[in-house]
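Commentary on secondary and tertiary structure
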Amino acid sequence: MRRMMVLLWFVGVAVLAAQERGADELLREMERVIAPSEYHAVFSLETDYPDRRDPAPMVFEAWYKEGVGTLMEIMEPARSKGLRFLQKEGALWMFNPHAGSRRPVRLSATASFQGSLFSNHDVSDPQYSDDYTAVLSGTERVEHPELGIVEAYVVDAKAAHRGAPYGRLRVWIVKEGSIPWKMEFYSKSGFLLKVLWFSGLKDVAGRVRPTLWRVESLEQEGAYSVVEVRTMEAVEGLPDERFSLAALTR
């Protein structure tokens, strides 16, 4: 009996490990659907708060290289034009060329990105698999706005280290094509903070990708922000030097 219990324990551990490896790969594949491993893109961002003044609509340009970093620059509105951001090695920096100082400012990953419901981390770092360990929780039939009723994997991802911006994530990934449908973001104390919906499927940068990312607040009823992918192209050979503090403050 003891040997049987030990054997069952080892089998259970092996099955759980296999599920975790599979879920981590699902998360990585979803990230590859959201954006290429190296790209240049132009995004727009709009936010609506029902009970207070909305931040101005924004357009920003971004360069991303997996494993190296993200560089972003605001194009609109005029009063923010030229403001630059660098995400590198888990840190996010902002540089204002009009501030009279050549020193960048370090930002919190969890703080709002320019008054929106997206956090600085949400916008600057698309690699959630770097910060979370995922397990497959099952499958569900969901109603995608463009694909109709489809089967989706449900993946739960817990923070892998203290520096992760959220306590955990829950992600719905359409089986066919690994297309993201929905993400839930939870605080480190376990509260649901916001929900992100993906839609606007288009052939962009070599594959079908969601081009509309709408985040809705669970803390401020009726508040939402929408990022739209205006253009996106996969590129190769972006120099690592572009993702440096020296380049940020050029």
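Residues numbered from 1 in each chain as written. Predicted model: local features only at pLDDT ≥ 70, side-chain atom pairs only at ≥ 80, totals over all residues. Heavy atoms only, no water.

1. Section: the environment of Gly237
Checked against the element boundaries, Gly237 lands in the loop between strand S13 (224-234) and helix H3 (245-248). C-alpha of Gly237 to C-alpha of Lys65: the two residues are 172 residues apart in sequence and 8.9 Å apart in space. (Helix = DSSP H or I, 4+ residues; strand = E, 2+ residues; numbered from the N terminus.)

2. Focus: the confidence of the model for the chain
Caution applies to low-pLDDT parts of the model: their predicted coordinates are not meant to be read in detail. Looking at the chain, pLDDT values average 88 and 92% of them are 70 or higher. Per-element confidence in the chain ranges from a low mean pLDDT of 60 for helix H1 (residues 2-34) to a high of 97 for S13. (pLDDT = per-residue confidence, 0-100.)

3. With respect to unusual backbone geometry
The linkage connecting Glu76 with the following residue, Pro77, adopts the cis geometry, with an omega of 5 degrees. As for its placement among the helices and strands, Pro77 is situated in the loop between strand S3 (69-76) and strand S4 (84-88). One non-glycine residue, Glu89, lies in positive phi territory at about 55 degrees. Position of Glu89 among the secondary structure elements: in the loop between S4 and strand S5 (91-95). Residue class for Glu89 comes out exposed when judged on its relative accessible area of 74%. A positive phi is found at Gln114, a non-glycine position, where the angle reads about 50 degrees. As for its position among the elements, Gln114 is in the loop between strand S6 (105-107) and helix H2 (120-124). Overall, the relative accessible area of 28% leaves Gln114 in the partly exposed class. (Buried < 20%, exposed > 50% of the residue type's maximum accessible area, 1.4 Å probe, protein only.)

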